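# Structural description and commentary
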Amino acid sequence: MPVPILKQGTYLIASVQSALTDADTERLQDDLMKQVSKYRAQGIIVDVTAIDVMDSFAARSLRTIAHMTQLRGAETVIVGLQPEVAFAMVQLGLTFEDMHTALDLEEGLAWLNRKAPARHQQDGRDSGR
C-alpha cells in the first residue's frame, strides 16, 4: 500500500499508516526522492506513529531515506516511534544515532523550523542583501 506524502510549504510529510512490506519501503524511498526533487523540499518528516513493529530492513531503509534526502539538500526527521518499537530496536542493535527523531509531528515540524534559519545563513540567503 503506498504511503501518502503531503506537501506542507517546503516540507514533505510521509505518514506511514501500517507496517510496510519491503516493496512498500522501497516505493516510499523512490516516491520521496522524486518529490524532494519535484518540490525542492527542504525538510521531510516520516511519521511512523501507526507502526507497532519495525524490522531491520525497515529501520535501515529509514536511515537510507534520511541519507539520500540529505544529499539532495533536505533534512529528514522520523517522528512517532512507539516506546515498544524503540525498545525492540535498541535490543536488536538498530539505532537512529545518525538521524533526527522527534516524539511527534509537532516536535518534528518545530525541529525543521529551527533548522531552517541555520541552513539559510549557511547558504548565504539570509545575508540581508
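One structure accompanies this document, and this report is about it. Remember, it's a predicted structure, so these values are computed and weren't measured experimentally.

### Considerations on the side chain of Thr69
Examined against the element boundaries, Thr69 turns out to sit in helix α2 (residues 56-71). For Thr69, the side chain forms a polar contact with the main-chain oxygen of Ala66, separated by 3.2 Å. Setting aside chain neighbours within four positions, we find Thr69 in contact with Met33, Val36, Ile44, Ala74 and Thr76.

### Description of the nonpolar core
With 26 residues, the main nonpolar core has Leu28, Leu32, Val46, Val48, Met54, Leu62 and Phe96 as its most contacted residues. In terms of residue count, α2 provides more of this core than any other element does, five residues in total. Those residues within four positions of Leu62 in sequence are excluded, and the remaining contacts are Val46, Val48, Met54, Ile78, Phe96 and Met99. Core analysis: the next-biggest nonpolar cluster, separate from the first, contains nine residues, Ile45, Val79, Leu112 and Ala116 among them.

### Quick look at the pattern of salt bridges
Using the criterion set out here, one finds one salt bridge in the structure. A salt bridge links Asp31 to Arg27, with the nearest nitrogen and oxygen atoms 3.7 Å apart. Highlighted residues: Asp31 and Arg27, both in helix α1 (residues 22-39), separated by four residues, approximately one helical turn.

### Digging into the packing of α1 against α2
Between α1 and α2, the shortest axis-to-axis distance is 10 Å and the interhelical angle comes to 10 degrees. Taken together, the axes of α1 and α2 lie roughly parallel to each other. Residues Asp22, Thr25, Glu26, Leu28, Gln29, Leu32, Met33 and Val36 of α1 touch α2, and the partners they reach there are Phe57, Ser61, Thr64, Ile65, Met68 and Thr69. Residue classes in the contact of α1 with α2 are distributed as seven nonpolar, five polar and two charged.

### Structural notes on the environment of Asp104
Within the secondary structure, Asp104 sits in the loop between β5 (100-102) and α4 (105-123). Sequence separation between Asp104 and Gly80 is 24 residues; the distance between their C-alpha atoms is 4.8 Å. Leaving out residues up to four positions away in the same chain, Asp104 has contacts with Val79 and Gly80. Within the structure, the side chain of Asp104 is placed 3.3 Å from the backbone nitrogen of Glu106, a separation counted as a polar contact.

The rules behind these values
- Residues numbered from 1 in each chain as written.
- Predicted model: local features only at pLDDT ≥ 70, side-chain atom pairs only at ≥ 80, totals over all residues.
- Heavy atoms only, no water.
- Helix = DSSP H or I, 4+ residues; strand = E, 2+ residues; numbered from the N terminus.
- Polar contact = N/O pair within 3.5 Å; in protein donor to acceptor, adjacent residues only side chain to side chain.
- Contact = heavy atoms within 4.5 Å.
- Core = buried A, V, L, I, M, F, W, Y, C linked by side-chain atoms within 4.5 Å.
- Buried < 20%, exposed > 50% of the residue type's maximum accessible area, 1.4 Å probe, protein only.
- Salt bridge = Lys/Arg side-chain N within 4 Å of Asp/Glu carboxyl O.
- Axes fitted to C-alpha atoms, helices over the stretch in contact; angles between N-to-C directions.
- Parallel < 35°, antiparallel > 145°, perpendicular 65-115°, else oblique.
- Nonpolar A, V, L, I, M, F, W, Y, C, P; charged D, E, K, R; others polar.

None of the figures reported here should be taken as evidence of function without further support.
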